[in-house]
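Results of the structural survey
Each chain, letter by letter, is given below.
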Amino acid sequence: QVQLVESGGGLVQAGGSLRLSCAASGRTFSSYDMGWLRQAPGKERAFVAHISRSGGVTYYANSVKGRFTISRDNAKNTIYLEMNTLKPEDTAVYYCATHRRGSYYYTADDYAGWGQGTQVTVSS
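Attention here is on the structure that accompanies the text.

When helices and strands are counted, the protein chain shows zero helices and 11 strands. A compact globule built from 124 residues would reach a C-alpha radius of gyration of about 14 Å, and the protein chain, at 13 Å, matches this within 12%. Looking at the 124 residues of the protein chain, the share that counts as buried comes to 44%. Taking the intrachain contacts of the protein chain between residues at least 6 apart in sequence as the baseline, contacts between residues at least 24 apart amount to 56%.

Right, dumping it as structure tokens:
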């Protein structure tokens, strides 16, 4: 079982950048596809980005495509989310999670094993 701890959130002005990290424990990290999801106040948790076990395949929500980049370093048991050109609507708690094998990738239900989340706040 993989346990996840997110970090790197904070307060940033619109147009700024942040890099989130998600550190995983457990020797099976590299056998999981992984994802980043977010939950804004009053909204359901939503898909942001997905990365395959090797890192060779990525998917993004339309709302972040071209601005966010997901990556992973299996030697460090860590995945990252580079966020550029941030907008106020990106404000949310960001979570990393393991992908449920055999699931789709674009809903929160396709992921499990959530971390505690990290707050990202973008001011206008």
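After that view, the rundown keeps rolling.
Before going further, it helps to spend a moment on the nonpolar core. The biggest cluster of nonpolar side chains holds 33 residues, and the ones touching the most others in it are Trp36, Val48, Phe68, Leu81, Met83 and Tyr94. Mapped onto this core, the elements with two or more residues apiece are strand 3 (18-25), strand 4 (34-39), strand 5 (46-51), strand 7 (68-73), strand 8 (78-83), strand 9 (92-99) and strand 11 (118-123). Beyond its immediate chain neighbours, meaning those up to four positions away, Tyr94 contacts Glu6, Leu20, Trp36, Leu37, Arg38, Val48, Phe68, Leu81, Met83, Gly117, Thr118 and Val120.

Let us look at the sheet that holds strand 3. Either a parallel or an antiparallel arrangement is found when strands of a sheet pair, and the pairing is made through backbone hydrogen bonds. Judged by pairing direction, the sheet is antiparallel, and its four strands sit side by side in the order 1-3-8-7 without closing on themselves. Taken across any chain shown, the strands that pair with only one partner, and hence form the sheet edges, are strand 1 (3-7) and strand 7. Within the sheet, the average angular offset between the axes of one strand and its neighbour, ignoring direction, is 15°. Relative to strand 8, strand 7 runs antiparallel, the two being bridged by six bridges. Within strand 8, the position partnered with Asp73 by the bridge is Thr78.

If you walk through the whole model with that rule in mind, you get four salt bridges. The salt bridge partner of Glu82 is Arg19, with a shortest N-O separation of 3.8 Å. Here the residue Glu82 occupies a position in strand 8, and Arg19 occupies one in strand 3, the gap between them amounting to 63 residues. The exposure class assigned to Arg19 is partly exposed, which follows from its relative accessible area of 45%. Linked through salt bridges whose partners overlap, the residues forming this network are Arg38, Arg67 and Asp90.

A few words now on unusual backbone geometry. Not every positive phi belongs to a glycine, and Asn77 is a case in point at roughly 50°. Residues other than glycine seldom take positive phi values, yet Thr85 does so here, at roughly 45°. Along the chain, Thr85 falls in the loop between strand 8 and strand 9.

Under the criterion given, the structure shown has one disulfide. Here Cys22 connects covalently by a disulfide to Cys96, the sulfurs 1.9 Å from one another. One disulfide, between Cys22 and Cys96, carries an S-S torsion of 60° and so falls in the right-handed class. Of this pair, Cys22 sits in strand 3 while Cys96 sits in strand 9; the two residues are 74 residues apart in sequence, bridging distant segments of the chain. By relative accessible area, which is 0% here, Cys96 ends up buried.

Attention now moves to the side chain of Thr98. Checked against the element boundaries, Thr98 lands in strand 9. Exposure remark for Thr98: the relative accessible area of 9% places this residue in the buried category. Look past the residues within four positions of Thr98 in its chain and what remains in contact with it is Val2, Leu4, Tyr32, Asp33, Met34, Asp110, Tyr111, Ala112 and Gly113.

Calculation notes
Residues numbered from 1 in each chain as written. Predicted model: local features only at pLDDT ≥ 70, side-chain atom pairs only at ≥ 80, totals over all residues. Heavy atoms only, no water. Helix = DSSP H or I, 4+ residues; strand = E, 2+ residues; numbered from the N terminus. Rg over C-alpha atoms; globule rule 2.2 N^0.38 Å. Buried < 20%, exposed > 50% of the residue type's maximum accessible area, 1.4 Å probe, protein only. Contact = heavy atoms within 4.5 Å. Core = buried A, V, L, I, M, F, W, Y, C linked by side-chain atoms within 4.5 Å. Pairing = 2+ DSSP bridges. Axes fitted to C-alpha atoms, helices over the stretch in contact; angles between N-to-C directions. Salt bridge = Lys/Arg side-chain N within 4 Å of Asp/Glu carboxyl O. Disulfide = S-S within 2.5 Å.

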